[in-house]
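What follows is the residue order along each chain.
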Amino acid sequence: MAKRDTYKSKRERVKVLDEVVKEALNSKTVRLVLLRDMKLNYTGKVTGKVYRFDGAGSTLPVDAKDKDKMLEKHGGTCCEGSGSNKPQPYFAVV
């Protein structure tokens, strides 16, 4: 059985590929992944850019100037009943 294309259109696929190529050519960005099961709009503390994550596992190129503050963002605790009371990160570098 052939694997289904997850993109809605060729235009969407091209847009995503263009974004990946631009990111690769621009060393001033880093790709972060959202670790939380939620949609999140995050405003970069340094650049003021708005990053829109669509849920757990979604990735975006992030300006390197915003990266450190985003990686510092933690909240909540992991896994109720697990005994872990450490705040969990929102983002990780891909």
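About the criteria used
- Residues numbered from 1 in each chain as written.
- Predicted model: local features only at pLDDT ≥ 70, side-chain atom pairs only at ≥ 80, totals over all residues.
- Heavy atoms only, no water.
- Helix = DSSP H or I, 4+ residues; strand = E, 2+ residues; numbered from the N terminus.
- Contact = heavy atoms within 4.5 Å.
- Phe/Tyr/Trp six-rings, centres within 6.5 Å; stacked < 30°, edge-to-face > 60°.
- Buried < 20%, exposed > 50% of the residue type's maximum accessible area, 1.4 Å probe, protein only.

Inspection of the secondary structure puts Y42 in strand β2 (residues 40-43). Sequence-wise, Y42 and M70 are 28 residues apart; in three dimensions their C-alpha atoms are separated by 8.5 Å. When near neighbours in sequence (up to four residues on either side) are disregarded, Y42 contacts K49, V50, Y51, K69, M70, K73 and F91.

All right, on to the packing of aromatic side chains then. Evaluation of the coordinates by the stated rule reveals three aromatic pairs. A ring pair is formed by Y42 and F91, whose centres lie 5.7 Å apart and whose planes are at 75 degrees; its orientation type is edge-to-face. One end of the pair, Y42, is in strand β2; the other, F91, is in strand β7 (residues 91-93), with 49 residues separating them in the sequence. Of the two residues, Y42 and F91, both sit in the buried class.

Tracing the sequence through the fold places V46 in the loop between β2 and β3 (50-53). Separated by 22 residues in sequence, V46 and D68 place their C-alpha atoms 9.8 Å apart. V46 has contacts with K65 and D66, leaving out every residue within four places of it along the chain.

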